[in-house]
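# Structural characterization, general
Given next are the chains, with one letter for each unit.
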Amino acid sequence: QQLQEYRTTHGHLNIPISHELLGNYISMQRWGYTQFMEGKSKCNGINDARIKILTDMGFQWNLEKRTGPHDKTKAKSWSERFQDLLEFKRTYGHTRVPHEYQPDLALANWVRTVSGTLNF
C-alpha cells in the first residue's frame with residue numbers, strides 16, 4: 001500500500017534508503033532478493049510471486065544499473081564480497097566502507113546491509 005502511494009506521488013520506486021517509512025523495508029526486500037537469487041533459505045519472505053508483484057510495480061532490485069531485475073549471473077556471492085572487504089581493509093587499514101564509495105558501490109551497499117543485519 002505505502003509503496004503504491006509512493007509510486008503514485010513520485011512516479012517511481014527509486015526510494016532512498018534514508019526514507020523514514022520505506023527505507024528499511026526496501027533494503028530488506030533487496031537483501032531478501034539477493035538471498036533468494038543465491039538459493040539461500042533465509043530470504044525475508046521473498047518468493048517468485050513477490051518478485052513479480054514488485055517488479056511489475058517498477059521496483060528496482062539492482063540500484064547500480066537501475067535496469068530492472070538483478071542479473072544473478074553477475075551477482076557476487078557473500079564470500080566474494082567478503083574477499084572484496086578484506087582487500088578494502090588491506091588498502092585502507094579499516095572496514096568502514098563509505099556509503100558512496102565510488103570504486104565499488106555494490107561493496108558499500110553490501111557492507112551496510114550486512115552490518116545492519118549482523119549488528120557489528
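Because the structure is predicted, anything quoted here is derived from the model rather than measured.

Here we come to the pattern of salt bridges. For the structure shown, the criterion picks out four salt bridges. When the shortest N-O distance is used, the salt bridge between lysine 52 and aspartate 56 registers 2.7 Å. Of this pair, lysine 52 and aspartate 56 both sit in helix H3 (residues 48-57), four residues apart, roughly one helical turn. Each of the two residues, lysine 52 as well as aspartate 56, counts as exposed. Arginine 81 is the salt-bridge partner of aspartate 84, the closest N and O atoms lying 2.9 Å from each other. Residue aspartate 84 and its partner arginine 81 are located together in helix H4 (residues 78-92), separated by three residues, close to a single helical turn. One connected set of salt bridges, linked through shared partners, spans Arg81, Asp84 and Asp104.

Attention shifts here to H3. Looking at H3, one finds that the buried residues are Ile51, Leu54 and Met57. Relative to the axis of H3, the buried residues are bounded by an arc of 130° and lie together on one face. The exposed residues of H3 that point more than 90 degrees off its buried face are Asp48, Lys52, Ile53 and Asp56. Looking at the packing, one finds that the buried side of H3 touches helix H1 (2-10) and helix H2 (23-37). By the N-cap criterion, in which a side-chain oxygen at the helix start approaches the backbone nitrogen of a residue two or three places on, H3 is capped by asparagine 47, the distance to alanine 49 being 3.1 Å. Once H3 finishes, glycine 58 follows within two positions and takes phi at roughly 100°, a positive value.

Another aspect to go through is the confidence of the model for the protein. Residues at a pLDDT of 70 or more form 85% of the protein, whose mean pLDDT is 80. Of all the helices and strands in the protein, helix H5 (residues 105-118) carries the lowest mean pLDDT, 79, while H4 carries the highest, 89. In the model, residues 65-73 has pLDDT below 50 throughout and makes 17 contacts with residues more than four positions away in sequence or in other chains.

Rules used throughout
Residues numbered from 1 in each chain as written. Predicted model: local features only at pLDDT ≥ 70, side-chain atom pairs only at ≥ 80, totals over all residues. Heavy atoms only, no water. Salt bridge = Lys/Arg side-chain N within 4 Å of Asp/Glu carboxyl O. Helix = DSSP H or I, 4+ residues; strand = E, 2+ residues; numbered from the N terminus. Buried < 20%, exposed > 50% of the residue type's maximum accessible area, 1.4 Å probe, protein only. Arc of directions from axis to C-beta. Contact = heavy atoms within 4.5 Å. Polar contact = N/O pair within 3.5 Å; in protein donor to acceptor, adjacent residues only side chain to side chain. pLDDT = per-residue confidence, 0-100.

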